[in-house]
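If you want the building blocks of each chain, they are given just below.
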Amino acid sequence: KAGVTQTPRYLIKTRGQQVTLSCSPISGHRSVSWYQQTPGQGLQFLFEYFSETQRNKGNFPGRFSGRQFSNSRSEMNVSTLELGDSALYLCASSLGQGRTDTQYFGPGTRLTVL
Amino acid sequence: GIQVEQSPPDLILQEGANSTLRCNFSDSVNNLQWFHQNPWGQLINLFYIPSGTKQNGRLSATTVATERYSLLYISSSQTTDSGVYFCAVEGVGSGNTGKLIFGQGTTLQVKP
């Protein structure tokens, strides 16, 4: 079974631009979560989608948004990029059913904002 | 929200040595996972262990949910074990579904 895939793997943008990152979950998984990893803040939860609905959201400004499609693929968008948005963005997929659920992570998208 | 603390923050071992990494969490959890982050940034699942003990080769983990801690044991360490180890938990309640809270990690260096 193929793992979680993320595209693109690397991205360079300038301040003020916007960016869209994509995540394809493991086949059969209906939940996708997004995380931001920076040296200063570590790994922080952005949001989680299940069956095209956002179920939970972390403490990030409204510039960070996401969506999920009917095939469970998810995208996250960051508008009006700031230097501090430079980070590794990771997505994880899980079955999304019940209380206990293992999350499997993709390889990440490394975003650099200049 | 839940706080997750990992210790030690850094660990240097000689190849062949054993080690224990600790993860303390501040509240009840539905989910606890241990990950190894490789040099390219990918988080590799090691264990899903909200309670009890599991073993996988040279690695084993124990979570004592009632005392809110988990331990990851690495035996006969190899240079390929180097990297950052993360503990992550998911709190109880629908507001925490799919939301892992990560510790700051333990950076392990295994020297040949």
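What counts and how
- Residues take numbers from 1 onward in each chain, read along the sequence in its written order.
- Key to labels: chains lettered from A, ligands numbered from 1, both in the order written.
- Where totals are concerned, whole chains, interfaces and linings use all residues; where local detail is concerned, this predicted model gives features only for residues with pLDDT of at least 70, and gives and counts side-chain atom pairs only at 80 or more.
- Side-chain metrics rest on all non-hydrogen atoms present in the structure, leaving aside hydrogens and water.
- Segments assigned H or I by DSSP are reported as helices when at least four residues long, segments assigned E as strands when at least two residues long, and all are numbered from the N terminus.
- Radius of gyration means the value over C-alpha atoms here, while the globule rule gives 2.2 Å times the residue count to the 0.38 power.
- Whether a residue is buried, partly exposed or exposed follows from its accessible area with a 1.4 Å probe, protein chains only, as a fraction of its type maximum: under 20%, in between, or over 50%, in that order.
- Contacts are assigned to residue pairs with any non-hydrogen atoms lying within 4.5 Å of each other.
- Asp and Glu count as negative and Lys and Arg as positive, but His and the ends of the chain are not part of the count.
- Working definition for charges: the position is that of NZ of Lys, CZ of Arg, CG of Asp or CD of Glu.
- Note on terminology: a nonpolar core comprises buried Ala, Val, Leu, Ile, Met, Phe, Trp, Tyr and Cys residues joined through side-chain atoms within 4.5 Å.
- Each polar contact in these results corresponds to two N or O atoms within 3.5 Å; when the atoms are within protein, one needs to be able to donate a hydrogen and the other to accept it, and residues that are neighboring in sequence are counted only if both atoms are side-chain atoms.
- By convention, the term buried area covers the 1.4 Å-probe accessible surface removed from two parts as they join, with the contributions of both added.
- For this document, the term salt bridge refers to a Lys or Arg side-chain nitrogen within 4 Å of an Asp or Glu carboxyl oxygen.
- Under the convention adopted here, Pro, Cys and the residues Ala, Val, Leu, Ile, Met, Phe, Trp and Tyr are nonpolar, Asp, Glu, Lys and Arg are charged, and Gly plus all remaining residues are polar.

Here's the deal with the overall build of chain A
And then number 1: Of regular secondary structure, chain A possesses zero helices and eleven strands.
And then number 2: Going from N to C terminus, chain A has its helices and strands arranged as β-β-β-β-β-β-β-β-β-β-β.
And then number 3: Over its C-alpha atoms chain A spans a radius of gyration of 13 Å, differing by no more than 12% from the 13 Å that the globule rule assigns to 114 residues.
And then number 4: Seen along its three principal axes, the alpha-carbon backbone of chain A occupies a region of about 40 × 25 × 25 Å.
And then number 5: When the 114 residues of chain A are sorted by exposure, 52% land in the buried category.
And then number 6: Contacts in chain A between residues far apart in sequence, at least 24 positions, make up 54% of those at least 6 positions apart.
And then number 7: Taking the average location of the 12 positive side-chain charges in chain A and that of its 6 negative ones, the two points are 3 Å from each other.

Side note on the nonpolar core
And then number 1: Trp 34, Leu 72 and Val 89 of chain B are the most contacted members of the largest nonpolar core, which has 22 residues in total.
And then number 2: Mapped onto this core, the elements with two or more residues apiece are strand 2 (10–14), strand 3 (19–25), strand 4 (29–37), strand 5 (43–48), strand 7 (59–64), strand 8 (69–74), strand 9 (83–91) and strand 11 (106–111) of chain B.
And then number 3: With near-sequence residues (within four places) excluded, Leu 72 of chain B lies in contact with Ser 19, Thr 20, Leu 21, Trp 34, Leu 46, Phe 47, Ser 60, Ala 61 and Tyr 85 of chain B.
And then number 4: Of all hydrophobic cores here, the second largest spans 21 residues; its members include Cys 23, Phe 47, Phe 64 and Met 76 of chain A.

Thoughts on the side chain of Glu 48 of chain A
And then number 1: Within the fold, Glu 48 of chain A resides in strand 5 (residues 42–50).
And then number 2: In this structure the side chain of Glu 48 of chain A is engaged in a polar contact, spanning 2.7 Å, whose partner is the side chain of Arg 55 of chain A.
And then number 3: Not counting the four nearest positions on each side in its chain, Glu 48 of chain A is found in contact with Ser 31, Val 32, Ser 33, Thr 53, Gln 54, Arg 55 and Asn 56 of chain A together with Thr 97 and Gly 98 of chain B.

Observations concerning the interface of chain A and chain B
And then number 1: Counting residues at the interface gives 22 residues for chain A and 22 residues for chain B.
And then number 2: Of the roughly 1800 Å² buried at the junction of chain A and chain B (both faces included), carbon and sulfur atoms supply 47%.
And then number 3: Linking chain A to chain B there are zero salt bridges.
And then number 4: At the surface where chain A touches chain B, the tally comes to nine residue pairs in polar contact (both at pLDDT 80 or more).
And then number 5: The set of elements that each furnish at least two residues to the side of chain A that touches chain B consists of strand 4 (31–38), strand 5, strand 6 (53–57), strand 9 (87–94) and strand 10 (104–105) of chain A.
And then number 6: Class assignment of the residues belonging to the side of chain A that touches chain B gives a composition of eight nonpolar, nine polar and five charged.

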